[in-house]
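# Residue-level structural notes
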Amino acid sequence: NDSESEVNNRLFMVCELLEAHIDYYNWVGFYFKNGDKNELKLGPYVGEPTDHTIIPFGKGICGQVAVSSENFVVPDVHAQDNYLSCSITVKAEIVVPIFVNGENIGQIDIDSSTIDPFTEADERFLEFVCKEVAKIL
Ligand code: SME
């Protein structure tokens, strides 16, 4: 396996590519299960710094995906009650889990400043990205 810093470099480049090439992807980052704790830890990301560097399982959109292991598409974050706000400019969010050997080990999280921008094509594309990412972890 690659060293942790090399993996983080590659994950950061994935974030940069996605943020640069898809205009409604405005914050792109990875969260990973934090050791054996029931929480997520922020990994590489592109966009505004967030206060949510640690997210307990069940909390917010990310924490819910840690529990459900299913994609979570949020067309309008203001309509969500279990949501952790990072920036007032965020209107929508998509979170897609990353599986290694069938285990949900983390996720890609994307925020958008456009309302309701994510389609099933984004889900299929991000599932593909997560499968590719899983190979280098
Ligand atoms: N909005 C997320 C928190 C992470 S930030 O979007 C970077 C949530 O509700 O889990």
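Refer to the structure printed above.
Scope of this entry: the structure provided in the associated data block. (Residues numbered from 1 in each chain as written. Predicted model: local features only at pLDDT ≥ 70, side-chain atom pairs only at ≥ 80, totals over all residues. Heavy atoms only, no water.)

## What to know about the packing of helix H1 (residues 4-21) against helix H3 (residues 120-136)
Look at H1 against H3: their axes get within 10 Å of each other, and the N-to-C directions meet at 165°. In terms of their interaxial angle, H1 and H3 are classed as roughly antiparallel. Handedness of the crossing formed by H1 with H3: right-handed. For the pair formed by H1 and H3, the contact residues are Val-7, Arg-10, Leu-11, Val-14 and Leu-18 on the first element and Phe-125, Leu-126, Val-129, Val-133 and Ile-136 on the second. The class makeup of the residues in the contact of H1 with H3 is 9 nonpolar, no polar and 1 charged. (Axes fitted to C-alpha atoms, helices over the stretch in contact; angles between N-to-C directions. Helix = DSSP H or I, 4+ residues; strand = E, 2+ residues; numbered from the N terminus. Parallel < 35°, antiparallel > 145°, perpendicular 65-115°, else oblique. Left-handed = near helix turned anticlockwise from the far one by under 90°. Contact = heavy atoms within 4.5 Å. Nonpolar A, V, L, I, M, F, W, Y, C, P; charged D, E, K, R; others polar.)

## A few points about the sheet that holds strand S4 (residues 72-74)
The sheet built from 6 strands is open, its strands ordered S3-S2-S1-S6-S5-S4 with antiparallel pairing. Each edge of the sheet is formed by a strand with only one pairing partner; in this case those strands are strand S3 (54-56) and S4. Mean inter-strand twist for the sheet, computed between neighbouring axes without regard to direction, equals 25°. As judged from the 9 bridges shared by strand S5 (residues 92-100) and strand S6 (residues 103-112), these two strands associate in the antiparallel manner. What sits directly across from Pro-97, in S6, is Gln-107. Seen against the sheet, H1 touches strand S1 (27-33), strand S2 (39-46) and S6 and runs at an angle of roughly 65° to S2. In this fold H3 packs onto S1, S4, S5 and S6, with an angle of close to 35° to the strand it touches most, S5. (Pairing = 2+ DSSP bridges.)

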